[in-house]
Amino acid sequence: MADTKREVERKYEGPLAGGDPALPDLTRVPGVSGVLDKGVADLDATYYDTADQRLAAASLTLRRRTGGDDAGWHLKLPVSEGVRDEIRAPLSDTVPPSLSALVRSRVREAALVPVVRLRSARDVRHLVDASGALLAEVSVDHVRAERLSGGTGVAEWTEIEVELADDGDPAFLDKVEKKLRKAGLTRSSSKSKLAKALADTDAETDADADSAQVEDAGRAGQKKSAGRKKPADTAPRTAGDHVLAYLRTQRDAIIELDPAVRRDLHDSVHSMRVATRRMRSAFRSYGKVLDRAVTDPIGEELKWLAGELGVGRDQEVLAERLTEALDGLPEALLTGPVRDRLRSWSQARGEGSRRHVIAVLDGSRYLGLLAALDAAVDDPPLLNAAAGDPAKVITKAVRKDFAKVSALVDEALGLAPGADRDLAMHEARKKAKRTRYAAEAAVPALGGPAAGLVKSMKSLQSLLGDHQDGVMARETLRDLAGRAHEAGESAFTYGVLYGREERRAAEAEAALPGVWEPIRGGGGI
């Protein structure tokens, strides 16, 4: 079993008074009533990575550590600057499957091998308040690093680490830092012990060059390309540059969201699904920039992945909508075990969909898709228009998408309420979403007009999306009512909710002209 701990810490380096590794007097830090000496712990950690350091490139660390009070396997995933989620698993001889799965989108088929061994003598202090509650742990770490693969040599250094107590106020770290800076300490130039060890133990390059290599190589976890990746500091100039920048962002998002989806973090499935849709839409919208003979098959695989992810997401949206609707009903309109049936339906489908999504992410088809995305971004099938003026090429593509939305909305408005109009509004919604994504990619090149179209399409998409959610809700209510009837339960409440969904759909249809006319009048971009 793996468990997770949110880690908020800062690292410091620099000369201490007289070369003595003793800490300055931290009892003078505001809020600190005592500094407790917790002794010295001997830690022995072996860090694992691929031969080309894909985990290090993404600021991920995977280690097996003995000593201290948390011996075992630790995987650290970056959350924000100075904040990481540390996922732990019991000590074993091999990498636990629960952790190897979380790095699969970056490691792919490559082996995880020992790359660095760090042995540390950790002198620990606890900063406590007047009640004796822990505020932060401060340690002086004397580190010896030994390179195990990908380089040679050893390195030694001393650093100060300050880790915030669980659920502590991050502002407290600022107070500690102020005291440490007065003692001559500065923030560490390396993001982690592993990053410093990799830089200082590589015999082939100097520390600065190696650190830059580790930072730049394979940021999305794919294998290092042979000079094909666009430098991050090069501003897009051509239409192809702009489209590829957008695609690269979506590719990276898919890879980075993989562990979050596996951990079932809030909104992670939805976010990954959106990234797949954005990428597929960009392939189709910018078919004059990238050869669709190459990108269409990848787009079909993205559609497959979005569909697999949607099994859980669509159910989640429906469950939230119906639960909210139930909460808004007067008690007099609640008959039978409606809440229990809805809860059982939601939980059963939710658990099944989660297992399904994990199986998809563990499958070879998904790995094949990731490889195809890397190839499309790092060695893109550019057409002649890719070298063209962004203002012309991108504007033409976005206008083409906008024209399709316009035709579909007009078609929906011309139909009588019913199944045909529902379908037409659903198709308009999909095209509005595609136009929105095309406009998102266009913002860096076209500025305000593209940003305005993104906002307009988002409003239209929201209205049409609520309407489609209502269509799905009515289908679900009809199904639940049938099950309730077969079980001898009252179906009255389901009928009430169904009627309210019908009224909500009618209101959305009535509001559509008012939302659409100003957008059409603006003419897109």
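Residues numbered from 1 in each chain as written. Predicted model: local features only at pLDDT ≥ 70, side-chain atom pairs only at ≥ 80, totals over all residues. Heavy atoms only, no water.

**Re the overall build of the chain**
- When helices and strands are tallied, the chain shows 15 helices and 9 strands.
- Its C-alpha atoms give the chain principal-axis dimensions of about 85 × 65 × 45 Å.
- When the 525 residues of the chain are sorted by exposure, 46% land in the buried category.
- In the chain, 73% of the contacts between residues at least 6 apart in sequence involve partners at least 24 apart.
- A total accessible area of about 24400 Å² is found for the chain, and carbon and sulfur atoms account for 51% of it.
- Between the mean site of the 80 positive side-chain charges and the mean site of the 83 negative ones, the chain shows a separation of 4 Å. (Helix = DSSP H or I, 4+ residues; strand = E, 2+ residues; numbered from the N terminus. Buried < 20%, exposed > 50% of the residue type's maximum accessible area, 1.4 Å probe, protein only. Contact = heavy atoms within 4.5 Å. Areas by Shrake-Rupley, 256 points an atom, 1.4 Å probe, with all protein chains shown as cover. Lys, Arg positive; Asp, Glu negative; His and termini not counted. Charge placed at Lys NZ, Arg CZ, Asp CG, Glu CD.)

**What to know about the nonpolar core**
- Membership of the largest hydrophobic core comes to 65 residues, with the highest contact counts inside it found for Leu247, Ile254, Tyr286, Met457, Leu460 and Trp516.
- The element that contributes the greatest number of residues to this core is helix H13 (residues 419–446), accounting for 10 residues.
- Excluding anything up to four places from it in sequence, Ile254 contacts Met272, Ala275, Thr276, Met279, Leu302, Tyr366, Leu370 and Leu373.
- Val32, Leu135, Ala136 and Phe172 belong to the second-largest nonpolar core, a separate cluster that totals 20 residues. (Core = buried A, V, L, I, M, F, W, Y, C linked by side-chain atoms within 4.5 Å.)

**Looking at unusual backbone geometry**
- At Gln53, a position not held by glycine, the phi torsion is positive, near 60 degrees.
- Along the chain, Gln53 turns up in the loop between strand S2 (34–49) and helix H1 (54–57).
- What makes Gln53 buried here is its relative accessible area of 13%.
- Look at Asp264: it is not a glycine, yet its phi comes out positive at around 60 degrees.
- In this fold, Asp264 is placed in the loop between helix H7 (239–262) and helix H8 (268–285).

**With respect to the packing of helix H12 (residues 390–413) against helix H15 (residues 492–522)**
- Closest axis-to-axis distance for the H12/H15 pair is 11 Å, and the angle between their directions is 150 degrees. Accordingly, the angle class assigned to the pair H12 and H15 is roughly antiparallel. Once H12 is placed against H15, the crossing between them reads as left-handed. Residues Phe402, Val405, Ser406, Val409, Asp410 and Leu413 of H12 form the contact with H15, whose own contacting residues are Leu512, Pro513, Trp516, Ile519 and Arg520.
- Residues of the contact of H12 with H15, tallied by class, amount to 8 nonpolar, 1 polar and 2 charged. (Axes fitted to C-alpha atoms, helices over the stretch in contact; angles between N-to-C directions. Parallel < 35°, antiparallel > 145°, perpendicular 65-115°, else oblique. Left-handed = near helix turned anticlockwise from the far one by under 90°. Nonpolar A, V, L, I, M, F, W, Y, C, P; charged D, E, K, R; others polar.)

**So, H13**
- Between the first and last C-alpha of H13 there are 38 Å, a value that for 28 residues agrees with the 40 Å anticipated at 1.5 Å per step.
- The largest bend along H13 measures about 30 degrees and falls at Glu440, with the proline Pro444 one to four residues further on.
- Note on H13: the residue one or two positions beyond its end, Gly447, has a positive phi of about 70 degrees. (Expected span 1.5 Å × (residues − 1). Bend = angle between axes of the 7 residues up to and from the residue.)

**Describing the confidence of the model for the chain**
- Confidence along the chain averages 90 in pLDDT terms, with 91% of residues attaining 70 or more.
- Confidence scores differ between elements of the chain, with helix H6 (residues 207–216) showing the lowest mean pLDDT of 42 and strand S3 (residues 61–66) the highest of 98.
- In this model residues 205–232 is a low-confidence stretch, pLDDT under 50, and it forms 46 contacts with partners more than four residues away in sequence or in other chains. (pLDDT = per-residue confidence, 0-100.)

**Some points on a positive patch on the surface**
- Judged by side-chain charge, Arg284, Lys288, Lys303, Lys396, Lys400 and Lys404 come together as a positively charged surface patch.
- When residues of the positive patch are assigned to their parent elements, the largest contribution, 3 residues, is made by H12.
- Tracing the backbone through its elements, the reader meets Lys404 in helix H12.
- With relative accessibility at 32%, the residue Lys404 sits in the partly exposed group. (Patch = residues over 30% accessible without salt bridge, like charges linked within 9 Å, V, L, I, M, F, W, Y side chains within 5 Å. Salt bridge = Lys/Arg side-chain N within 4 Å of Asp/Glu carboxyl O.)

**Observations concerning the pattern of salt bridges**
- What the rule picks out here adds up to 55 salt bridges.
- We note a salt bridge from Arg108 to Asp374, for which the minimum N-O separation is 3.0 Å. In this pair, Arg108 sits in the loop between helix H3 (104–107) and strand S6 (113–128) while Asp374 sits in helix H11 (residues 364–378), placing the two residues 266 residues apart along the sequence.
- Arg108 gets classed as buried once you look at its relative accessible area, which sits at 15%.
- Take Asp374: its relative accessible area is 8%, and that puts it in the buried class.
- In this structure, Asp401 and Arg434 form a salt bridge, with 3.3 Å as the shortest nitrogen-oxygen distance. Linking Asp401 in helix H12 with Arg434 in helix H13, this pair joins segments that are 33 residues apart in sequence. An identical accessibility class is assigned to Asp401 and Arg434; each is buried.

**Quick word on H7**
- The end-to-end C-alpha distance of H7, which contains 24 residues, comes to 36 Å, matching closely the 34 Å that a straight helix rising 1.5 Å per residue would cover.
- Of all the bends found along H7, the most pronounced is centred on Glu256 and spans about 30 degrees, while Pro259, a proline, follows it within four residues.
- Here H7 lies mainly inside the structure; 19 of its 24 residues are buried.
- Asp264 sits one or two residues past H7 and shows a positive phi near 60 degrees.

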